[in-house]
Amino acid sequence: LGERVKRAAAYWCWREQDESWEEIREAQLDHLERHLGPHRRYWAADGGTFPPGAVVQFTPPSHPGVFVYTTLGMSAQAMPRVEMHYEDPAPCRRVELALGARDDSPEFARTLSWAMGMPWRDCNWLGDGHTISWDEAPAGGVLLLAQPPAAGRAGLLRRPLPPPSLPGFTDRSGDPVTYLWMMKITLTEQDYAEKHSSAKLAAVLE
């Protein structure tokens, strides 16, 4: 425990430095642009408060006509309560959110800006297969998937096209970062996932 406290103290000492955000931002942008091509738009998502964060838009060459939006900086903070569910929380405690759309709209940036603060507002965590009740979502809820199936409704934009692969990013702390894709679902589908598992819902939606 002593070594863990020392590492955490050193990490947050670094986070307090002004240049830490620039390093976080550039490292994540470099990772995303290797997979999605140059970013097209960038929105600050922190309202001028700590911790800093952003939403970035891409138009990946592999997905013509698709706009991909991702959070940036969310993973720089470990989510709460993960250690209550896993002996080793490191693989699950840092995430970024992503979604695909056919529209070029700041509304998706606002959606992600709001969603990226959920773990700390609710003192909970977001993970692969989790569902979110969402009054703002026309469909009624959201399913988070690290690897959405390529076929059927569970594919990106509900078409037979897998989302771009984004694995391989590691936070400065040494933890891997998971990109969770957001998929709209109905309240009936959310209830099915909560009763039978998100994996079974994903299979049904293919």
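Description of the pattern of salt bridges
Where charged atoms of side chains with opposite charge meet at close range, the side chains can pair. Inspection of the entire model under this criterion finds eleven salt bridges. Note that Arg41 is salt-bridged to Asp104, the shortest N-O span being 2.9 Å. One end of the pair, Arg41, is in strand β1 (residues 39-44); the other, Asp104, is in the loop between β4 (95-101) and α3 (106-115), and 63 residues separate them in sequence. One salt-bridge network, held together by shared partners, links Arg93, Arg94, Asp171 and Asp175.

Looking at the nonpolar core
Ranked by size, the top nonpolar core spans 25 residues in total, and within it Tyr69, Leu97, Leu112, Leu126, Leu144 and Met182 carry the most contacts. Those elements that place two or more of their residues in this core are β3 (67-72), β4, α3, β6 (141-145) and β7 (178-185). Apart from residues no more than four positions distant in its own chain, Leu144 is found in contact with Leu97, Leu126, Gly127, Asp128, Gly129, His130, Ile132, Leu180, Trp181 and Met182. The next biggest cluster of nonpolar side chains, apart from the first, holds 20 residues, and it includes Tyr11, Trp21, Ile24 and Tyr179.

A closer look at the pairing of β7
Counting buried residues along β7, six of its eight residues qualify, which places the element largely inside the surrounding structure. Strand direction decides the pairing type here: β4 and β7, joined by four bridges, are parallel. Of the residues in β7, the one forming a bridge with Ala98 is Trp181.

Quick notes on the confidence of the model for the protein chain
Mean pLDDT over the protein chain stands at 86; residues scoring 70 or higher make up 89%. Averaged pLDDT values over the elements of the protein chain bottom out at 76 in helix α6 (residues 198-205) and peak at 97 in strand β2 (residues 54-58). With pLDDT under 50 throughout, residues 151-160 is counted as low confidence; its partners more than four residues away or in other chains account for 37 contacts.

A word on the packing of aromatic side chains
Tallying each qualifying case throughout the model produces six aromatic pairs. Between Tyr11 and Trp12 the ring centres are 5.8 Å apart and the planes differ by 90°, which places this aromatic pair in the edge-to-face class. Here Tyr11 falls in the buried class, since its relative accessible area comes to 9%. We classify Trp12 as partly exposed; its relative accessible area is 35%.

Remarks on the side chain of Thr71
By the element assignment, Thr71 lies in strand β3. Relative accessible area serves as the criterion here: at 0%, Thr71 is assigned to the buried category. At 2.5 Å, the side chain of Thr71 forms a polar contact with the side chain of Glu96. Reaching out from Thr71, the side chain makes a polar contact with the backbone nitrogen of Leu97 at a distance of 2.8 Å. Not counting the four nearest positions on each side in its chain, Thr71 is found in contact with Gln28, Ala54, Val55, Glu96, Leu97, Leu112 and Met116.

Some thoughts on unusual backbone geometry
Between Phe50 and Pro51 the backbone carries a cis peptide bond, its omega angle lying at 0°. Inspection of the secondary structure puts Pro51 in the loop between β1 and β2. Phi at Arg81 takes a positive value of approximately 75°, unusual for a residue other than glycine. Tracing the sequence through the fold places Arg81 in the loop between β3 and β4. Of the residues examined, Arg81 reaches a relative accessible area of 32% and is grouped as partly exposed.

Overview of the environment of Ser165
Within the element layout of this structure, Ser165 appears in the loop between β6 and β7. Classification of Ser165 as partly exposed rests on a relative accessible area of 47%. Taking C-alpha positions, Ser165 is 8.2 Å from Gln147, a pair spaced 18 residues apart along the chain.

Rules of the game
- Residues numbered from 1 in each chain as written.
- Predicted model: local features only at pLDDT ≥ 70, side-chain atom pairs only at ≥ 80, totals over all residues.
- Heavy atoms only, no water.
- Salt bridge = Lys/Arg side-chain N within 4 Å of Asp/Glu carboxyl O.
- Helix = DSSP H or I, 4+ residues; strand = E, 2+ residues; numbered from the N terminus.
- Core = buried A, V, L, I, M, F, W, Y, C linked by side-chain atoms within 4.5 Å.
- Buried < 20%, exposed > 50% of the residue type's maximum accessible area, 1.4 Å probe, protein only.
- Contact = heavy atoms within 4.5 Å.
- Pairing = 2+ DSSP bridges.
- pLDDT = per-residue confidence, 0-100.
- Phe/Tyr/Trp six-rings, centres within 6.5 Å; stacked < 30°, edge-to-face > 60°.
- Polar contact = N/O pair within 3.5 Å; in protein donor to acceptor, adjacent residues only side chain to side chain.

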